[in-house]
Amino acid sequence: MYPAALRAGTLALRQQGRSRLDQIRAGDTIFAYLSGSQVIAGQFEAVGAPFEDTTALAPGRHLPHRLRVRPVAVLPSELWISKDSFVPTLRVLDDYTNLPPETRFRRVVQQVIHPLDAVDGLVLEFLIQSRLGTDPEALMEVVEAVREARRQPDADLRFDAGTSRPPVAAEPPGEYAGFDRALELARCIDAIESRGFVYEPWQIAAYVTAMRTKPFVLLAGVTGVGKSRLPVLVEEATGGASTLIPVRPDWTDPAETLGYTDLKGRFRPGAVLEAARRAAESLEQHHTLVLDEMNLARPEHYLAEVLSRMEWRAPTAEGYESPPLLTETLAPQDAAWQAVRLAPSLGIVGTVNVDESAHAFSRKVLDRAFVLEIEPRQLDAWVVDPMLEPIVSDVAWPAHAWTPRALRLGELVTLSAADRSAIDAVLDALADMNAILAPIGLGVGYRTRDEVALFVLHALEVSDAFVSRAEDSVDPLDLAMAMKVLPRIDGVRASTRRAVEALLIWAGPADEETHPMDVVELWMDLGRPAAFPDARFPRTAARLARIIEVADEDGVTSFWA
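For the structure given in this document, a descriptive report is provided here. All values derive from a computational prediction rather than experimental measurement.

1. Quick word on the overall build of the chain
Counting its regular elements, the chain contains 20 helices and 17 strands. Here the chain holds 561 residues, and the buried ones make up 51% of them. Of the contacts made within the chain by residues no fewer than 6 positions apart, 73% connect residues no fewer than 24 positions apart. Of the accessible surface of the chain, which amounts to about 25700 Å², a share of 51% is contributed by carbon and sulfur atoms.

What follows is the structure in structure tokens.
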């Protein structure tokens, strides 16, 4: 049952545990005791309120009372902590002083869930971390915390995640509060420009904003437009680090990304797992992993586990962190890899070549990413001003500069009037799009809604950067819809074509009586601009016109055709 719970990220209990389950709050720490083996097997953090679900986690096991958890430390079976190692140290047994020690512990276990005081929690955490080979200095910090708790017997002794892993605060920490995001992004754009690389300011702003909103961005375009260079340049300009890994066509499973155990029983970590570990070891610096030519293989095959873990990120003191990337049990000498997560300071970028040699993306991948197109609109912009000295920024962005305000709209703590107005505009636009796309199975989900809204809120903080090289303003909501909604359009049915035409009339410069092909022809007569003049959403409308134009040629109504 325990392996099934690990895979689901959910603890499940029978009826007798429900009353105790209701006492748990998000952020509480839970130590998993396996009564059959009489061992401590791991440490978890509650990430939500208890709920009911009759779906079986394991065949023949009816465990309806559920609690969503984030693994903090999962011990391989070889490192499980036997009951005899910790029972003599537990203060919770003092609640039953009139009973023999073994009977006391059985009384605690029979309650399925039992609250621990601060000392008990720290003792168990120390045992777990020592089994995992945690740095000795970190272990000594836990020891000191135990001693301090014992010196304050009358303090609040409820042990929860706040004891050692506080969630992200609603306000940024002091060293981040003085960071001028708008000014530093302008400096980043200037630094890239001074080195002779040609990007639209809004493209850099959209990339940075998307990466902050969701640490998974796809950069699409023809070969040689600077897709793989952009994330590297941004990290260089902001004091971060980057790693570029070419994707090979023979990547058919997670062996190259997460790793595998060889014939000698030794674990060989994959490229993504190694990058995640480096980021976790340097949380003060932002890291970007660039998967170059990502669609030469199928990402849903070699990156599925990573994308799933990304959706289960939870708050920590440093930002949002995923559960452990690996679920299988490794040998004791490789156990450290089993605790590696997607760190708050790590972003993943995939470059996408739009040609016939590459694989199409699945809905699972597109729903989890921002897709930013990089187009060479100014091929004549090659002369570098000889009087312009390359700019080297002397301000390294703190890792918290990449932390989103929230992962979901419902988690936002404070909202200004401008925030609420922006959210209302997002919801109105997505409701209109959903009314058109839902009947053909391409409706907008909650994930897309929240990420579009958060992108727009984040863009408000750097609004001056959302301009073209000609100083024309670019609407972040327009960009967000083009990045999150349009890439999912793909089909050969007539209904898909009609939906795209309806979207074009909605987003374009015409009224409902105008024929969609007249709008497409107008766009073509204007020279196929990236932004449709006088349209409600200029870039969304221009991209829809392009989709229809290509559909007329090959019969496929697709963003990627």
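2. Description of the environment of Leu-90
You can see Leu-90 is positioned in the loop between helix H3 (83–86) and helix H4 (101–110). Given the relative accessible area of 9%, Leu-90 is considered buried. Once the C-alpha coordinates of Leu-90 and Leu-124 are considered, the two residues, 34 residues apart in sequence, prove to be 9.0 Å apart. Setting aside anything within four residues of it in sequence, one finds Leu-90 in contact with Phe-105, Asp-120 and Leu-124.

3. Regarding the packing of aromatic side chains
A ring pair, where both rings are aromatic, is described by two values, the distance of the centres and the angle of the planes. Going through the model one piece at a time under the given rule, you end up with 9 aromatic pairs. When the ring of Phe-455 is compared with that of Phe-466, the centres are 6.3 Å apart and the planes differ by 85 degrees; the resulting orientation is edge-to-face. Of this pair, Phe-455 sits in helix H16 (residues 446–460) while Phe-466 is found in the loop between H16 and helix H17 (476–484), placing the two residues 11 residues apart along the sequence. Across the pair, Phe-466 and Phe-455 agree in class, each one buried. Ring centres of Trp-506 and Phe-537 lie 5.3 Å apart, and the angle between their planes is 35 degrees; on these two criteria the pair is classed as tilted. One end of the pair, Trp-506, is in helix H18 (residues 494–507); the other, Phe-537, is in the loop between helix H19 (516–525) and helix H20 (538–554), and 31 residues separate them in sequence.

4. Section: the pattern of salt bridges
Considering all chains together, one arrives at 27 salt bridges under this definition. Taking the shortest distance from any N to any O, the salt bridge between Arg-248 and Glu-256 comes out at 3.4 Å. Relative accessible area serves as the criterion here: at 32%, Glu-256 is assigned to the partly exposed category. Each of Lys-214, Glu-311, Arg-447, Glu-451 and Lys-484 takes part in a single network of salt bridges with overlapping partners.

5. Here's the deal with the nonpolar core
Judged by nonpolar contacts, the single largest core of 124 residues is most densely connected at Tyr-207, Phe-216 and Leu-218. For this core, the element with the most residues is helix H9 (residues 201–213), which contributes 8 residues. Beyond its immediate chain neighbours, meaning those up to four positions away, Phe-216 contacts Met-211, Met-294, Leu-303, Leu-307, Met-310, Ile-348, Val-365, Arg-368, Ala-369 and Phe-370. Judged by nonpolar contacts, the second largest core, of 18 residues, contains Leu-75, Leu-90, Val-119 and Leu-127.

6. Description of H20
Spanning 17 residues, H20 covers 25 Å between terminal C-alpha atoms, matching the ideal 24 Å at 1.5 Å per step. Among the 17 residues of H20, 12 are classified as buried, and the element is accordingly described as predominantly covered. The elements touched by buried residues of H20 are H9, strand S15 (370–373), H17, H18, H19 and strand S17 (557–558). Two residues or fewer past H20, Gly-555 is found with a positive phi of approximately 80 degrees.

7. What about empty space enclosed by the protein?
The full count for this structure, using the stated rule, is 2 cavities of 30 Å³ or more. Taken as a whole, the largest cavity encloses approximately 160 Å³ of empty space. Along its surface, the largest cavity is lined by 17 residues, and Pro-215, Arg-313, Ala-343, Pro-344 and Leu-346 are the ones closest to its centre. For the lining of the largest cavity, the elements supplying multiple residues, two or more each, are H9 and strand S14 (346–353). No other element matches S14, which puts 3 residues into the lining of the largest cavity. The residue inventory of the lining of the largest cavity, partitioned by class, reads 11 nonpolar, 4 polar and 2 charged. Its boundaries defined by the atoms lining it, the second largest cavity holds a volume of some 70 Å³. Lining the second largest cavity are Arg-181, Leu-185, Val-208, Thr-209, Arg-212, Trp-397, His-458 and Val-462.

8. A word on the packing of H19 against H20
At a closest axis distance of 9 Å, the pairing of H19 and H20 adopts a crossing angle of 105 degrees. Here H19 is positioned roughly perpendicular relative to H20, judged by the angle of their axes. Contact with H19, carried on its side by Met-517, Val-520, Trp-523 and Met-524, involves Ala-542, Ala-545, Arg-546, Ile-548, Glu-549 and Asp-552 of H20 and no other residues of that element. Along the lines of polarity and charge, the residues of the contact of H19 with H20 split into 7 nonpolar, no polar and 3 charged.

What counts as what
- Residues numbered from 1 in each chain as written.
- Predicted model: local features only at pLDDT ≥ 70, side-chain atom pairs only at ≥ 80, totals over all residues.
- Heavy atoms only, no water.
- Helix = DSSP H or I, 4+ residues; strand = E, 2+ residues; numbered from the N terminus.
- Buried < 20%, exposed > 50% of the residue type's maximum accessible area, 1.4 Å probe, protein only.
- Contact = heavy atoms within 4.5 Å.
- Areas by Shrake-Rupley, 256 points an atom, 1.4 Å probe, with all protein chains shown as cover.
- Phe/Tyr/Trp six-rings, centres within 6.5 Å; stacked < 30°, edge-to-face > 60°.
- Salt bridge = Lys/Arg side-chain N within 4 Å of Asp/Glu carboxyl O.
- Core = buried A, V, L, I, M, F, W, Y, C linked by side-chain atoms within 4.5 Å.
- Expected span 1.5 Å × (residues − 1).
- 1 Å grid on protein atoms, 1.4 Å probe; cavity = no way out; pocket = protein on both sides within 12 Å on 5 of 7 lines; lining within 4 Å.
- Points joined across faces, edges and corners; volume = space filled by probe spheres on them.
- Nonpolar A, V, L, I, M, F, W, Y, C, P; charged D, E, K, R; others polar.
- Axes fitted to C-alpha atoms, helices over the stretch in contact; angles between N-to-C directions.
- Parallel < 35°, antiparallel > 145°, perpendicular 65-115°, else oblique.

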